[in-house]
Amino acid sequence: MDNNVNNISSHAQQSDDSPPQAESFASLLEQSGGIPERLQPGQKVNAKIVSISGDFVYIDLGGKSEGIINLDEFRSNDGPLQIKEGDEIEAFFVTVQDGARRLTTRIHGYSAVSLKAIRDAKEAGLPVNGIVRREIKGGFEVLSGEVRCFCPFSQIDIRASREPERYLGHSFPFMVLEFEEDGRNIILSRRFLLEQEKEAKIERLRQSLEVDMTVTAKVTSIQRFGAFVDLGGIEGLIPASEISWSKTENPGDVLSAGKEVTAKIVSLDWENNRFSLSIKALLPDPWESAAEKYPAGSRVNGSVVRLMPFGAFVAIERGIDGLVHISNLGTGRRINHPKEVVEVGQQVEAYVLSVDVPQRKISLSLQPKTEPKKIVLPQVGELFEGVVDKVMPFGVFIKNSSGLTGLIPNAEMATPAGSDHRRTFPAGTEIKAIVTETDPEKARVRLSRKALMEKE
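Our subject in this report is the structure included herewith. (Residues numbered from 1 in each chain as written. Predicted model: local features only at pLDDT ≥ 70, side-chain atom pairs only at ≥ 80, totals over all residues. Heavy atoms only, no water.)

**Digging into the overall build of the protein**
Then, in step 1: Per the secondary structure count, the protein includes 7 helices and 25 strands.
Then, in step 2: The proportion of buried residues among the 456 residues of the protein is 38%.
Then, in step 3: Considering only contacts in the protein between residues 6 or more positions apart, those separated by 24 or more positions represent 54%.
Then, in step 4: With an accessible surface of roughly 27,100 Å², the protein has 47% of that area assigned to carbon and sulfur atoms. (Helix = DSSP H or I, 4+ residues; strand = E, 2+ residues; numbered from the N terminus. Buried < 20%, exposed > 50% of the residue type's maximum accessible area, 1.4 Å probe, protein only. Contact = heavy atoms within 4.5 Å. Areas by Shrake-Rupley, 256 points an atom, 1.4 Å probe, with all protein chains shown as cover.)

Here it is as structure tokens:
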């Protein structure tokens, strides 16, 4: 026992002729000035160090009452003491032992060295330190002081682990879950404390994190749909679509476990523990300048990244893909699929047909856009010579040598009513007519065979 506790007992015997057993520590305190508030196991107190003697530190608990704390708690690796008389410290009440109130500063691992100390720690709700000695059936044998305890596999970590090398020989704080059969059955849990610590971290993060905040996080795992990152106690997801402005087929091509990234918080769902982030949101949007960089008619170089039945997508720059429609692959022949002309990974030169920034679309062609031929319409009253292009129920279309097509309505064909023009004017038949009407905007010409015959 420590000298101070023995001194208190001897003082009690000298002040009264009754047997020492009749004199309690509490009555001695009452004689010396009053009993302080009754402490409950695990209760936190703030007290001043009144003296340091032997293996103990003595603190003032008020009412001329003192508590004792093991001196080892204030040394780091047998180094110099980190406290001195008069310092204010925070401690937790454990139990009354041999008439002295014992406390500890090690809320994350009280150094229990006996069965009674472990039982006291359980009653106080305080963890005890223990060394993982060996793996046994169902869990691990843990030594707390010289006391053998048991920690199930499910209680060694937040996620049950069967990798003993991660724990064997290491010292951890444990919560005493069960103390039965006079200490022959002691069950410990490290998971209990880890979950408490995690909950405390989550609560701190709940107070500090906000949507649109920029944070630094570490990648914990890569999945096909995105990357999980550690935000300092909670796990968030960066979806594959939010990693980069360019299409990310495999997040592992861009990120790797252990890498630190800077991202923007997109959403915080505390009830369902879902937290989304975006790296892309912190990067400049390449589409903002796309219209200026790629005007219609300009030439671009890129790589074919995807083939679809309707066309081929070409990566122009990071985050911008253009589409070469199947009709603009420039083969001059009918094709059934773009793979007949190009393949993924092929470098191509293309021409910009149009840019739609709001829809994030760029139309491309492998051939430059050709300007349509300028068609000069004939004047009203001029002679129009051509061949029958096609016959419709309402009239006959004829095309001249310059490619211009004109319509002769049935009423202007100068044929008997009900005539079958398909038989009398099959495709390729030469016909002459007079121009009766023109539409420059739509490049349409109306003709009359009847007017020509009347003129003749």
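Here the narrative resumes, following the displayed structure.
**Details of helix α4 (residues 191-208)**
Then, in step 1: With 18 residues, α4 should reach 26 Å at 1.5 Å per residue; the first-to-last C-alpha distance of 25 Å fits that figure.
Then, in step 2: The inward-facing, buried residues of α4 abut β9 (171-180) and β10 (185-189). (Expected span 1.5 Å × (residues − 1).)

**Here's the deal with the environment of Pro127**
Then, in step 1: Within the fold, Pro127 resides in the loop between α3 (115-124) and β6 (128-136).
Then, in step 2: Distance from Pro127 to Leu193, taken between C-alpha atoms, is 8.1 Å for residues 66 residues apart in sequence.

**Here we look at the sheet that holds strand β20 (residues 361-365)**
Sheet strands pair via backbone hydrogen bonds, and the direction of the pair is either parallel or antiparallel.
Then, in step 1: Spatially, β16-β17-β18-β20-β19 is the arrangement adopted by the 5 strands of the closed barrel, whose pairing is mixed. Strand-to-strand twist in this sheet, taken as the mean axis angle between neighbours without regard to direction, amounts to 50 degrees. (Pairing = 2+ DSSP bridges. Axes fitted to C-alpha atoms, helices over the stretch in contact; angles between N-to-C directions.)

**Notes on unusual backbone geometry**
Then, in step 1: Despite not being glycine, Asp212 has its phi angle at roughly 80 degrees, a positive value.
Then, in step 2: Relative to the assigned elements, Asp212 resides in the loop between α4 and β11 (214-223).
Then, in step 3: The backbone of Asn273 sits at a positive phi, close to 55 degrees, despite the residue not being glycine.
Then, in step 4: Checked against the element boundaries, Asn273 lands in the loop between β14 (260-269) and β15 (274-278).
Then, in step 5: Take Asn273: its relative accessible area is 53%, and that puts it in the exposed class.

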